[in-house]
Amino acid sequence: LTLAAVIGTFIANATRAVLFAIGAVAVALAAAYFMKPFRLSSRGLGELAAGLVYGPCMVLGSVLMFGGQVTPTALTISAVLGLLLANVVLVGGLAPGGPGQNRTLAIRLGRIWTERLFSGVFATAFLISLIGSLGIASVSPLGLLLGVIPADFAAWSLRANEDDSPARARVGAMIAYMCAAAGAILFLIGIASLS
């Protein structure tokens, strides 16, 4: 975190001052995820923290760092990626772990409600990408839909896995996140090259 803060400070100083605030939020959430007394990961708030860091903080920070503006397209992409990453953390909370992990959101909800929430978050994320592409007159959010197939696999494997191990579902959720991010980038590059 210290190295990231030093590099982030250098970048913010060289580009835009608002990156200090975004970086500070990201570092604070990352630290609070594991560190006492906060330990958001074991209080049922780890999903929210991870989603904010790997969605809005990362996407909007990158947009601003490279001289762009916060647009409805950037907000849509950041929200969808944040939801998808939060799902990775959610399903990971089902894995047996140390004493701190017995209070994750997934453990608090139980297996059935976690399965429902997991599927619901995927559905919400991809619905946002569809609505975003219609409402903002930009097809860029449609690239996020490249994550639908691995997301479907992840949701199916969580429901179908009888040994209670969420490993396949977690891998599927991570692949869904990476495919959605790659799809958004490819659509953004394609649209930029056409204009």
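Our structure is the block above this text.
Here is a short report on the structure shown in this document. (Residues numbered from 1 in each chain as written. Predicted model: local features only at pLDDT ≥ 70, side-chain atom pairs only at ≥ 80, totals over all residues. Heavy atoms only, no water.)

## Observations regarding the packing of helix α3 (residues 46-65) against helix α4 (residues 72-92)
Packing of α3 against α4 leaves a shortest axis separation of 7 Å and a crossing angle of 150 degrees. One finds that α3 runs roughly antiparallel with respect to α4. Seen from above, α3 lies across α4 with right-handed handedness. Mapping the contact onto sequence places Gly46, Glu47, Ala50, Gly51, Tyr54, Gly55, Pro56, Val59, Leu60 and Val63 in α3 and Ala74, Leu75, Ile77, Ser78, Leu81, Gly82, Leu85, Ala86, Val89 and Leu90 in α4. Of the residues in the contact of α3 with α4, the class split is 14 nonpolar, five polar and one charged. (Axes fitted to C-alpha atoms, helices over the stretch in contact; angles between N-to-C directions. Helix = DSSP H or I, 4+ residues; strand = E, 2+ residues; numbered from the N terminus. Parallel < 35°, antiparallel > 145°, perpendicular 65-115°, else oblique. Left-handed = near helix turned anticlockwise from the far one by under 90°. Contact = heavy atoms within 4.5 Å. Nonpolar A, V, L, I, M, F, W, Y, C, P; charged D, E, K, R; others polar.)

## Thoughts on the pattern of salt bridges
Close approach of charged atoms allows side chains of opposite charge to pair. Taken as a whole and judged by the stated rule, the model has one salt bridge. A salt bridge links arginine 111 to glutamate 115; its shortest N-O distance comes to 3.1 Å. Of the two residues, arginine 111 and glutamate 115 are both situated in helix α6 (residues 111-135); the distance of four residues between them amounts to about one turn of the helix. Glutamate 115 matches arginine 111 in its accessibility class, with the two residues each being buried. (Salt bridge = Lys/Arg side-chain N within 4 Å of Asp/Glu carboxyl O. Buried < 20%, exposed > 50% of the residue type's maximum accessible area, 1.4 Å probe, protein only.)

## Quick word on a nonpolar patch on the surface
Together, Leu109, Ile112, Trp113 and Leu117 make up an exposed nonpolar region whose accessible area comes to about 370 Å². The biggest single contributor to the nonpolar patch is α6, with three residues. Inspection of the secondary structure assignment puts isoleucine 112 in helix α6. Owing to a relative accessible area of 46%, isoleucine 112 belongs among the partly exposed residues under this scheme. (Patch = residues over 30% accessible without salt bridge, like charges linked within 9 Å, V, L, I, M, F, W, Y side chains within 5 Å. Areas by Shrake-Rupley, 256 points an atom, 1.4 Å probe, with all protein chains shown as cover.)

## Considering the side chain of threonine 114
Along the chain, threonine 114 falls in helix α6. Look past the residues within four positions of threonine 114 in its chain and what remains in contact with it is Leu90, Leu94, Ala106 and Leu109.

## Digging into the nonpolar core
Ranked by internal contacts, the top residues of the largest apolar core, which has 41 residues, are Leu81, Leu84, Phe118, Phe122 and Leu144. Elements represented by at least two residues in this core include exactly α2 (18-34), α3, α4, α6, α7 (148-160) and α8 (167-194). The element best represented in this core is α4, accounting for nine residues. If we skip the residues at most four places from it in the chain, leucine 84 touches Phe122, Ala125, Phe126, Ala176, Tyr177 and Ala180. (Core = buried A, V, L, I, M, F, W, Y, C linked by side-chain atoms within 4.5 Å.)

## Some details on the packing of aromatic side chains
A full pass over the atoms with the stated rule returns three aromatic pairs. Ring centres of tyrosine 33 and phenylalanine 34 lie 4.6 Å apart, and the angle between their planes is 80 degrees; this geometry places the pair in the edge-to-face category. Residue classification places tyrosine 33 among the buried residues on the basis of a relative accessible area of 18%. With 6.2 Å between their ring centres and 40 degrees between their planes, phenylalanine 153 and tryptophan 156 make a pair best called tilted. Placement of the pair is phenylalanine 153 and tryptophan 156 together in helix α7, with a separation of three residues, close to one helical turn. With relative accessibility at 39%, the residue phenylalanine 153 sits in the partly exposed group. Looking at arginine 116, its charged tip hangs above the ring of tryptophan 113, at a distance of 4.7 Å from the centre. (Phe/Tyr/Trp six-rings, centres within 6.5 Å; stacked < 30°, edge-to-face > 60°. Lys NZ or Arg CZ within 6 Å of the ring centre and 35° of its normal.)

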